[in-house]
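Architecture at a glance
Residues per chain are reported as follows:
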Amino acid sequence: YQKNAYRRIAVQQVKSLFKNHQQPQQNHEITAQLNRLLKTVAQQTYTTEQVSPLSGTQWLNFLDSSANTQTFSQGPGQILSDLKRCCIQWIRRHQ
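Residues numbered from 1 in each chain as written. Predicted model: local features only at pLDDT ≥ 70, side-chain atom pairs only at ≥ 80, totals over all residues. Heavy atoms only, no water.

**Focus on the packing of helix α1 (residues 5-20) against helix α2 (residues 27-45)**
Each packed pair of helices is defined by two parameters, the angle between the axes and the distance between the axes. In contact at an axis separation of 11 Å, α1 and α2 are set at 180 degrees when each is read in the N-to-C sense. In terms of axis orientation, α1 runs roughly antiparallel to α2. In this structure, α1 contributes Y6, A10, Q13, V14, L17 and F18 to the contact, and α2 contributes I30, Q33, L34, L37, V41, Q44 and T45. Here the contact of α1 with α2 is built from residues that sort into 9 nonpolar, 4 polar and no charged. (Axes fitted to C-alpha atoms, helices over the stretch in contact; angles between N-to-C directions. Helix = DSSP H or I, 4+ residues; strand = E, 2+ residues; numbered from the N terminus. Parallel < 35°, antiparallel > 145°, perpendicular 65-115°, else oblique. Contact = heavy atoms within 4.5 Å. Nonpolar A, V, L, I, M, F, W, Y, C, P; charged D, E, K, R; others polar.)

See the structure below:
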């Protein structure tokens, strides 16, 4: 239970970000916050050297491969409206 506490905290943070997200002009801000959150969560399991340099397609591919999914690189993870679900799914499923 304690081992996965960081996952529960991160899921609550994602939910909070989306709860407070009201304006379309906040899209860039929330995307940046979610990206930072996912990188922080990834660094709980992977090394900083593995995670920090990733961006763009490489980052999306990493998110997919580490959670055995394609929702970031080929699916709804590319669209902000579905990003909340994708982020929560990755936080819960990454290995």
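**Points about the confidence of the model for the protein**
Mean pLDDT over the protein: 83, with 86% of residues reaching 70 or higher. Of all secondary-structure elements in the protein, the lowest mean pLDDT belongs to helix α5 (residues 80-93), at 76, while helix α3 (residues 48-51) reaches the highest, 94. (pLDDT = per-residue confidence, 0-100.)

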